[in-house]
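Secondary and tertiary structure notes
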Amino acid sequence: MNAEQIKKLAREMGADLVGIAPIERFENVPMNENPAQIKPDAKSVIILAFRILRGALRGIENGSNWGSYTASDPSGMCTYMQEVTYHFARELEDNGFEAVPLIRHSYDLRDKGVPVAPDRAAPDVIIDMEYAAYLAGLGEMGMGKLFLTPQFGPRQVFTAVLTDLELEADPVFEGTLCDKCGKCAEACPAKALDTCRSCGTLPHWPLRTESCKICPTGTSPRPYSLGLEPNRIGAACGRACVKHFEERRK
Ligand code: SF4
Ligand code: SF4
């Protein structure tokens with residue numbers, strides 16, 4: 001199976017976007033989030049993206065229906081993402097390769113167990129899905145800590161499959177999607193995004209996630225993710241970014 005066949009298969013099974021990173025790109029990633037710790041013989045990290053429907057935000061925008069978002073947000077519909085990712089991984093195994101399906105888990109689960117050897121990470125190793133998506137060429141992290149793709153702006157969530165199948169890699173994304181407009185930060189009633197000038201070298205502005213966990217503007221909790229901020233696309237910050245992309249016809 002080559003990269004083109006793999007991507008076609010994943011899209012046919014229900015993923016909206018597919019990106020491939022060689023395992024070598026994770027060489028400098030800390031052990032407790034490094035996929036090579038989970039599957040040392042992995043050659044490729046395949047990232048699947050699932051879109052959050054545009055229409056799912058309308059009820060929140062109109063102040064009339066929050067349920068349309070949680071019912072349509074794939075991170076809320078976790079079983080759908082899990083099923084697609086599982087069946088995709090199963091197809092890989094049916095074709096003679098080994099595949100580890102991964103969904104987004106709480107970072108709180110890192111370093112809870114005992115390493116099996118001095119040179120191994122303490123379980124659980126939890127990969128950073130957004131960083132993996134970046135390494136797989138799918139997009140970039142916006143300054144509002146919203147991962148952006150050319151296809152959907154901030155409207156997607158990710159899963160991953162580690163495999164010993166060597167595949168042609170996608171180039172790391174080199175475009176610029178975030179124009180640092182600051183609209184995500186301006187829209188936040190809690191001022192949870194610090195748009196400090198001295199933060200220019202950081203990959204995104206600092207985010208006070210404790211505010212996001214109680215944000216009433218349209219967040220939805222992530223399954224299994226006590227240690228993560230909730231999904232913020234439906235919240236004021238995420239919706240401001242969506243609107244900004246649409247105004248720029250991106
Ligand atoms: S709203 Fe503007 S600054 Fe914030 S992530 Fe989107 S493009 Fe970047
Ligand atoms: S989720 Fe709420 S509190 Fe957090 S940045 Fe967005 S609008 Fe602000």
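Above this text sits the structure in question.
One structure accompanies this document, and this report is about it. Keep in mind the model is a prediction, meaning the values are calculated, not measured.

Structural notes on empty space enclosed by the protein
- Tallied over the full model, the rule gives three cavities of 30 Å³ or more.
- In terms of lining residues, the second largest cavity is bounded by 17 residues, among which Leu-148, Cys-178, Cys-181, Cys-184 and Cys-241 are the most central.
- Among the residues forming the lining of the second largest cavity, the class breakdown is ten nonpolar, four polar and three charged.

Focus on the pattern of salt bridges
- Counted under the stated rule, the structure contains twelve salt bridges.
- A salt bridge links Lys-8 to Glu-12, with the shortest nitrogen-to-oxygen separation between them at 2.9 Å. Of this pair, Lys-8 and Glu-12 both sit in helix H1 (residues 3-13), four residues apart, which is roughly one turn of the helix.
- One salt bridge in this structure joins Asp-179 and Arg-248, with 3.4 Å as the shortest N-O distance. Taken together, the residues span a long stretch of sequence, with Asp-179 in the loop between strand S6 (156-163) and helix H7 (183-187) and Arg-248 in the segment after helix H9 (236-247) at a distance of 69 residues.
- According to the relative accessible area criterion, Arg-248 is partly exposed, its value standing at 25%.
- Three or more residues joined by partner-sharing salt bridges are found here, namely Arg-54, Arg-58, Glu-61 and Glu-246.

Remarks on the site of ligand 1
- Around ligand 1, the structure places Met-143, Gly-144, Cys-178, Asp-179, Lys-180, Cys-181, Gly-182, Cys-184, Trp-205, Cys-241 and His-244.
- Here ligand 1 is seated within the second largest cavity.
- A per-class count over the shell around ligand 1 returns six nonpolar, three polar and two charged.

Some details on the site of ligand 2
- The immediate surroundings of ligand 2 are formed by 13 residues, with Cys-188, Cys-212, Cys-215, Thr-219 and Cys-237 found nearest.
- For the shell around ligand 2, the elements supplying multiple residues, two or more each, are helix H8 (209-212) and H9.
- Per-class residue counts for the shell around ligand 2 are nine nonpolar, three polar and one charged.

What to know about the environment of Gly-139
- With respect to the helices, strands and loops of the structure, Gly-139 is situated in the loop between helix H6 (129-135) and strand S4 (140-141).
- For Gly-139, a relative accessible area of 0% puts it in the buried group.
- Every residue in contact with Gly-139, bar those within four places of it in the chain, is listed here: Ala-133, Tyr-134, Phe-147, Leu-148, Thr-149 and Phe-173.

A short note on the layout of surface pockets
- Here the largest pocket is characterised by a volume of approximately 560 Å³.
- Taken together, 29 residues line the largest pocket, and the ones lying closest to its centre are Glu-130, Met-141, Lys-145, Phe-147 and His-204.
- Mapped onto the lining of the largest pocket, the elements with two or more residues apiece are H6, S4 and S6.
- Residues that form the lining of the largest pocket fall into these classes: 16 nonpolar, four polar and nine charged.
- Within this model, the second largest pocket holds a volume of roughly 240 Å³.
- In terms of lining, the second largest pocket is formed by 17 residues, of which the most central are Ile-38, Pro-123, Asp-124, Val-125 and Ile-126.

Examining the pairing of S6
- Here S6 lies mainly inside the structure; eight of its eight residues are buried.
- Because side chains alternate across S6, one face comprises the buried residues Gln-156, Phe-158, Ala-160 and Leu-162, and the other comprises Val-157, Thr-159, Val-161 and Thr-163, equally buried.
- Note: strand S2 (residues 44-51) against S6, eight bridges, orientation antiparallel. Its bridge partner lying in S6, Arg-51 is registered against Gln-156.
- Strand direction decides the pairing type here: strand S3 (residues 99-102) and S6, joined by four bridges, are antiparallel. Pairing of Leu-102 across the sheet is with Ala-160, part of S6.

Topic: the side chain of Gln-156
- Within the fold, Gln-156 resides in strand S6.
- On the basis of relative accessibility, which here comes to 5%, the residue Gln-156 falls in the buried class.
- Polar side-chain contacts of Gln-156 include one of 3.2 Å to the backbone oxygen of Phe-147.
- Here the side chain of Gln-156 touches Gly-153 through a polar contact of 2.8 Å, landing on its backbone oxygen.
- Excluding residues that lie within four positions of it along the chain, Gln-156 makes contacts with Leu-17, Ala-49, Phe-50, Arg-51, Ile-52, Phe-147, Leu-148 and Thr-149.

Thresholds applied
Residues numbered from 1 in each chain as written. Chains lettered and ligands numbered in written order. Predicted model: local features only at pLDDT ≥ 70, side-chain atom pairs only at ≥ 80, totals over all residues. Heavy atoms only, no water. 1 Å grid on protein atoms, 1.4 Å probe; cavity = no way out; pocket = protein on both sides within 12 Å on 5 of 7 lines; lining within 4 Å. Points joined across faces, edges and corners; volume = space filled by probe spheres on them. Nonpolar A, V, L, I, M, F, W, Y, C, P; charged D, E, K, R; others polar. Salt bridge = Lys/Arg side-chain N within 4 Å of Asp/Glu carboxyl O. Helix = DSSP H or I, 4+ residues; strand = E, 2+ residues; numbered from the N terminus. Buried < 20%, exposed > 50% of the residue type's maximum accessible area, 1.4 Å probe, protein only. Near = heavy atom within 4 Å. Sits in = over half its atoms within 2 Å of the grid points. Contact = heavy atoms within 4.5 Å. Pairing = 2+ DSSP bridges. Polar contact = N/O pair within 3.5 Å; in protein donor to acceptor, adjacent residues only side chain to side chain.

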